[in-house]
Amino acid sequence: MARDKRLSRRSVLRFGGGTVATVLIAGCTDGGGEVEDDPETDDELEEEADDADPPETGQDDDWEAVETIELEADAEDGWVGRQPDAIEGNENPDIVLYEGTEYEFIWTNMDGDGHNLAIWDDADPIVASSFVDDEDETVEFTVEATDEMEMYLCEVHSDDMVGSIEIRSE
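Report on the accompanying structure. All figures in this text were calculated on a predicted structure; none of them were measured in a lab. (Residues numbered from 1 in each chain as written. Predicted model: local features only at pLDDT ≥ 70, side-chain atom pairs only at ≥ 80, totals over all residues. Heavy atoms only, no water.)

**A short note on the sheet that holds strand E2 (residues 78-83)**
Turning to step 1, where the next piece is worked out: Here we have four strands laid out as an open sheet, ordered E2-E1-E4-E7, and mixed in their pairing. Bordering the open sheet on either side are E2 and strand E7 (138-144), each of which pairs with just one other strand. Across this sheet, the average inter-strand angle for adjacent strands is 25 degrees, counted without regard to direction.
Turning to step 2, where the next piece is worked out: Strand direction decides the pairing type here: strand E4 (residues 102-109) and E7, joined by seven bridges, are antiparallel. Bridge pairing in E7 places Thr108 opposite Thr138. (Pairing = 2+ DSSP bridges. Helix = DSSP H or I, 4+ residues; strand = E, 2+ residues; numbered from the N terminus. Axes fitted to C-alpha atoms, helices over the stretch in contact; angles between N-to-C directions.)

Right under this line is the structure:
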């Protein structure tokens, strides 16, 4: 399936920052017509996201032994982590992969909406699963981690179903 418009990581973050700013501004009005200024701009939000600390797991050993990443796909909840334990129950969890290591990605469609799982660099997909729209359907694929990998997302719901990938050297 060809895509006419590609989303870069920066575009996803910019859109998310704009959405957050709009919600904050809307929530800060009391009907009086005055809007409180929000000192953070979209650029500042992008910088904060880029400078965010890597996923905290308590110990690096939590990620070193990982061979399988399991996620649930739900348009309302986003990607929900199943496995490893470091991401269990987390929405759109940040994941850690070790460069050169092969990983099995397993994801299950939980809502019957159309989804796929794609791993992107800063502008383009590196690998993507097929699209499925059957509830409880599970998709599996294997990929070798490379330093270009920056995020994973559902290409249909890229605003709500996106998470960061941190690549570490062994």
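Further notes follow.
**Description of the environment of Asp111**
Turning to step 1, where the next piece is worked out: Mapped onto the elements of the fold, Asp111 is located in the loop between E4 and strand E5 (118-120).
Turning to step 2, where the next piece is worked out: Exposure remark for Asp111: the relative accessible area of 28% places this residue in the partly exposed category.
Turning to step 3, where the next piece is worked out: Between the alpha carbons of Asp111 and Ala75 there is a distance of 7.3 Å; along the sequence they are 36 residues apart.
Turning to step 4, where the next piece is worked out: A polar side-chain atom of Asp111 sits 2.7 Å from the main-chain amide nitrogen of Ala75.
Turning to step 5, where the next piece is worked out: Here the side chain of Asp111 touches Asp113 through a polar contact of 2.9 Å, landing on its backbone nitrogen. (Buried < 20%, exposed > 50% of the residue type's maximum accessible area, 1.4 Å probe, protein only. Polar contact = N/O pair within 3.5 Å; in protein donor to acceptor, adjacent residues only side chain to side chain.)

**What about the side chain of Asn116?**
Turning to step 1, where the next piece is worked out: With respect to the helices and strands, the residue Asn116 is situated in the loop between E4 and E5.
Turning to step 2, where the next piece is worked out: Take Asn116: its relative accessible area is 0%, and that puts it in the buried class.
Turning to step 3, where the next piece is worked out: Here Glu155 takes part through its side chain, which lies 2.7 Å from a polar atom of the side chain of Asn116.

**Topic: the environment of Glu99**
Turning to step 1, where the next piece is worked out: Within the secondary structure, Glu99 sits in the loop between strand E3 (95-98) and E4.
Turning to step 2, where the next piece is worked out: A residue is classified by how much of its surface remains accessible, and Glu99, at 34% relative accessible area, is partly exposed.
Turning to step 3, where the next piece is worked out: Expressed as a C-alpha distance, the spacing of Glu99 and Thr146, which sit 47 residues apart in the sequence, is 5.1 Å.
Turning to step 4, where the next piece is worked out: Look past the residues within four positions of Glu99 in its chain and what remains in contact with it is Ala145, Thr146, Asp147, Ile167, Arg168, Ser169 and Glu170. (Contact = heavy atoms within 4.5 Å.)

**Here we look at the nonpolar core**
Turning to step 1, where the next piece is worked out: Counting residues in each nonpolar core, the largest one holds 26 residues, and the members touching the most others are Ile69, Trp79, Ile95, Leu97 and Phe105.
Turning to step 2, where the next piece is worked out: Taken together, the elements giving at least two residues each to this core come down to strand E1 (68-74), E3, E4 and E7.
Turning to step 3, where the next piece is worked out: Of all the elements, E3 adds the most residues to this core, at four residues.
Turning to step 4, where the next piece is worked out: In contact with Ile69, not counting residues within four places along its chain, are Trp63, Gln83, Pro84, Ile87, Ile95, Leu97, Glu104, Phe105 and Ile106.
Turning to step 5, where the next piece is worked out: Core analysis: the next-biggest nonpolar cluster, separate from the first, contains five residues, Ala118, Trp120, Met151 and Val162 among them. (Core = buried A, V, L, I, M, F, W, Y, C linked by side-chain atoms within 4.5 Å.)

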